[in-house]
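Remarks on the overall topology
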Amino acid sequence: MPHPFGSQPREAVHAIADNLVLQIERVLREWPAQADSAPEATFLESERATRMEAPPDQESFDRLARDRCWTDGLPLVPPTLPRVETRIAAGGYDRDEVIAHVAPAFGAATIERIAVNAAMAGCPPEAMPVLIAAIEALCDPGFNLQGIQATTNPATACIIVNGPVVERLSFNAGINCLGQGSWANATVGRALRLVMQNIGGARPGEMDRATHGQPGKYSLCCAENEAANPWEPLHVERGYGPGESTVTVIGVSGTLNMNTHAKDADDLLRVLADTIAYPTSNDYWFGGEPWLILSPEHAEILANARLTKAEVKARLWEESKMAASRLSRKDHTRTQHTRRAELGDFAPHTHLPVSTKSEDIGLIVAGGAGTHSVYMPTFGNTRSVTRPIRA
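Residues numbered from 1 in each chain as written. Predicted model: local features only at pLDDT ≥ 70, side-chain atom pairs only at ≥ 80, totals over all residues. Heavy atoms only, no water.

**Examining the overall build of the protein chain**
The helix and strand inventory of the protein chain stands at 16 helices and 12 strands. Each principal axis of the C-alpha atoms in the protein chain carries an extent, and together these give about 65 × 60 × 35 Å. Burial statistics for the protein chain: of 391 residues in total, 49% are counted as buried. Contacts in the protein chain between residues at least 24 apart in sequence constitute 80% of all its contacts with a sequence separation of at least 6. For the protein chain, the computed accessible surface area is about 18900 Å², with 54% contributed by carbon and sulfur atoms. Here the protein chain contributes 36 positive and 46 negative side-chain charges, whose respective centroids are spaced 4 Å apart. (Helix = DSSP H or I, 4+ residues; strand = E, 2+ residues; numbered from the N terminus. Buried < 20%, exposed > 50% of the residue type's maximum accessible area, 1.4 Å probe, protein only. Contact = heavy atoms within 4.5 Å. Areas by Shrake-Rupley, 256 points an atom, 1.4 Å probe, with all protein chains shown as cover. Lys, Arg positive; Asp, Glu negative; His and termini not counted. Charge placed at Lys NZ, Arg CZ, Asp CG, Glu CD.)

**Thoughts on the sheet that holds strand E4 (residues 221-223)**
On the basis of which strands lie adjacent, the open sheet formed by four strands has the order E4-E3-E5-E12 and mixed pairing. Single-partner strands in this sheet number two, and they are E4 and strand E12 (385-388). Strand-to-strand twist in this sheet, taken as the mean axis angle between neighbours without regard to direction, amounts to 25°. Bridging between strand E3 (residues 156-162) and strand E5 (residues 246-252) involves seven bridges; their strand directions are antiparallel. Note on E5: the bridge partner recorded for Val-161 is Val-247. Relative to the sheet, helix H6 (residues 128-138) contacts E3, E5 and E12, its axis offset from that of E5 by approximately 45°. The strands that helix H9 (residues 183-198) touches are E3 and E4; relative to E3, the one it contacts most, it runs at about 140°. (Pairing = 2+ DSSP bridges. Axes fitted to C-alpha atoms, helices over the stretch in contact; angles between N-to-C directions.)

**With respect to the pattern of salt bridges**
Applying the stated criterion to the full structure yields 20 salt bridges. Measuring nitrogen to oxygen at the nearest pair gives 2.9 Å for the salt bridge that ties Asp-345 to Arg-340. By relative accessible area, which is 60% here, Asp-345 ends up exposed. One salt-bridge network, in which partners are shared between bridges, spans Arg-51, Glu-85, Arg-95 and Glu-112. (Salt bridge = Lys/Arg side-chain N within 4 Å of Asp/Glu carboxyl O.)

**A look at the sheet that holds strand E10 (residues 362-365)**
If you trace the four strands from one edge of the open sheet to the other, you get E6-E11-E7-E10, paired in mixed fashion. Both outer strands of the open sheet, strand E6 (256-259) and E10, are each paired with one neighbouring strand and no more. Pairs of neighbouring strands in the sheet enclose a mean axial angle of 20°, with direction left out of account. The pairing of E6 with strand E11 (residues 372-376) spans four bridges and is classified as antiparallel. Residue pairing across strands places Asn-259 opposite His-372, the latter belonging to E11. Relative to E6, helix H11 (residues 265-276) is tilted by about 155°, and along the sheet it contacts E6, strand E7 (291-294) and E11.

**A closer look at the nonpolar core**
Generally speaking, soluble globular proteins have nonpolar side chains that are buried together. Counting residues in hydrophobic clusters, the biggest one holds 56 residues, and the most contacted among them are Val-130, Ile-135, Val-161, Phe-171 and Leu-192. Looking at this core, the element that brings in the most residues is H6, giving nine residues. Excluding its chain neighbours within four sequence positions, the residues that come into contact with Phe-171 are Val-130, Val-161, Val-165, Val-166, Ser-182, Ala-184, Asn-185, Val-188, Cys-221 and Ala-223. (Core = buried A, V, L, I, M, F, W, Y, C linked by side-chain atoms within 4.5 Å.)

**Some details on H11**
Its 12 residues place the ends of H11 17 Å apart at the C-alpha level, agreeing with the 16 Å of an ideal helix rising 1.5 Å per residue. Ala-265, Leu-268, Leu-269, Leu-272, Ala-273 and Ile-276 are the residues of H11 that are buried. Projected down its long axis, H11 shows its buried positions confined to an angular sector of 125°, all on one face. Summarising the contacts, the buried residues of H11 are in contact with E6, helix H12 (282-286), E7, helix H13 (296-304), helix H14 (309-319) and E11. By the N-cap criterion, in which a side-chain oxygen at the helix start approaches the backbone nitrogen of a residue two or three places on, H11 is capped by Asp-264, the distance to Asp-266 being 3.1 Å. (Expected span 1.5 Å × (residues − 1). Arc of directions from axis to C-beta. Polar contact = N/O pair within 3.5 Å; in protein donor to acceptor, adjacent residues only side chain to side chain.)

**Looking at H13**
All of the buried residues along H13 are Pro-296, His-298, Ala-299, Ile-301 and Leu-302. Where H13 is buried, its residues touch E6, H11, E7, H14, E10 and E11. One or two residues past the end of H13 sits Arg-306, with phi positive at roughly 65°.

**Looking at the side chain of Thr-156**
By the element assignment, Thr-156 lies in strand E3. Judged by its relative accessible area of 2%, Thr-156 falls in the buried class. Side-chain polar atoms of Thr-156 contact the side chain of Arg-193, separated by 2.8 Å. Not counting residues within four places of it along the chain, the set of residues in contact with Thr-156 comprises Ile-148, Arg-193, Gln-214, Gly-216, Lys-217, Leu-220, Ile-250, Gly-251 and Val-252.

**A closer look at the environment of Tyr-240**
Looking at the secondary structure, you find Tyr-240 in the loop between helix H10 (234-237) and E5. Distance from Tyr-240 to Ala-265, taken between C-alpha atoms, is 29 Å for residues 25 residues apart in sequence. Among residues more than four places away in sequence, those in contact with Tyr-240 are His-235, Thr-246, Thr-386, Arg-387 and Pro-388.

**A look at the layout of surface pockets**
Rolling a probe over the atoms, with the probe sized like a water molecule, indicates the empty space that remains. Considering only enclosed or pocket space, the largest pocket measures out at about 810 Å³ in volume. Ala-49, Thr-50, Trp-70, Pro-79 and Val-116 are the residues nearest the centre of the largest pocket, which is lined by 27 residues in total. Counting residues per element, the ones that place at least two in the lining of the largest pocket are helix H3 (58-67), helix H4 (81-91), helix H5 (111-121) and H9. Ranked by the residues each element gives to the lining of the largest pocket, the list is headed by H5, at five residues. Class assignment for the residues of the lining of the largest pocket results in 15 nonpolar, six polar and six charged. (1 Å grid on protein atoms, 1.4 Å probe; cavity = no way out; pocket = protein on both sides within 12 Å on 5 of 7 lines; lining within 4 Å. Points joined across faces, edges and corners; volume = space filled by probe spheres on them. Nonpolar A, V, L, I, M, F, W, Y, C, P; charged D, E, K, R; others polar.)

**Some words on the confidence of the model for the protein chain**
Of the residues in the protein chain, 96% have a pLDDT of 70 or more, and the chain-wide mean is 94. Across residues 38-45, where pLDDT falls below 50, the model places four contacts with residues more than four positions away in sequence or in other chains. (pLDDT = per-residue confidence, 0-100.)

**Focus on the environment of Pro-154**
In this fold, Pro-154 is placed in the loop between helix H7 (145-150) and E3. Once the C-alpha coordinates of Pro-154 and Val-252 are considered, the two residues, 98 residues apart in sequence, prove to be 8.1 Å apart. Setting aside its immediate chain neighbours within four residues, Pro-154 contacts Gly-213, Gln-214, Lys-217, Val-252 and Ser-253.

Structure, rendered in structure tokens:
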């Protein structure tokens, strides 16, 4: 579908649609002949990764990876047989086991294919169970990977790790937890991106139609700072035991630094809620699932005021309601269409909630010392998914 089409007159949109229907019809008519002439292959054979002789030096291998569109733009580790086999063994499954089919191309994420992309990302073998759990969460229908992979939005998958695996594999939950410097954070996040691209088929400029994208599309992964969390951590909130390890995948549109020196809980909640409310937000259009990463300092202020996590969410939900008049005229119409079943018809003076209910606001504690927290608006039409990490 050619872009942009949202600004085209109605007649032009009809012409685009008619042309697409003709293309689909042609493919369907030609498909039986193509299928009859295709070489026979069993399902497992067709899912096997291809072996090939690779160039011996790094520069030549990276050139090959660029030519074959395997890369995220950074140098890759050559996925030699020993490297791949080590990761297959660490995954705990048979090499041909299909973990999921990754949208939008719905390629089969076999353990072998996952291991190939993990090797190229530099992801250590011991992190394979974390990556596998992340892929399971990513492909849950509630996450809406199909929409996130092919949108013009800058949406990407953000990984949150909880439980004993954080310390065991040295995931960063403290200072600079969303930034560079942590091998586990960087390589697990990068491996998931390569799976989304190389198995899911979301190559930039092809399936991936992001207008600008964002740096988080290289890698976006952190752990929750459970030691500094005055409330129950995310995985316990979602029904897992404190001694279990989990991965949560979130479809985020970016990160926004919230720097405030407020020391009063009411004042702090007011400015955080005011930051959430902006009229170009997918979360207000769809009734989304926005996320906040509270710094330990901000979390302590709220906990000292004897506020529970549920009460913090309820206050943020109520105080971030935004007047519909702040939306553009076109976005007002879109929001009225997408949220009519929830809100009915609404007027410009109606105050819109960022999500359908306060429980839909995501909240974790992470990071180091400082008066900063992070707001992560989402793709809107997505829901985070948590999966256990199988040792």
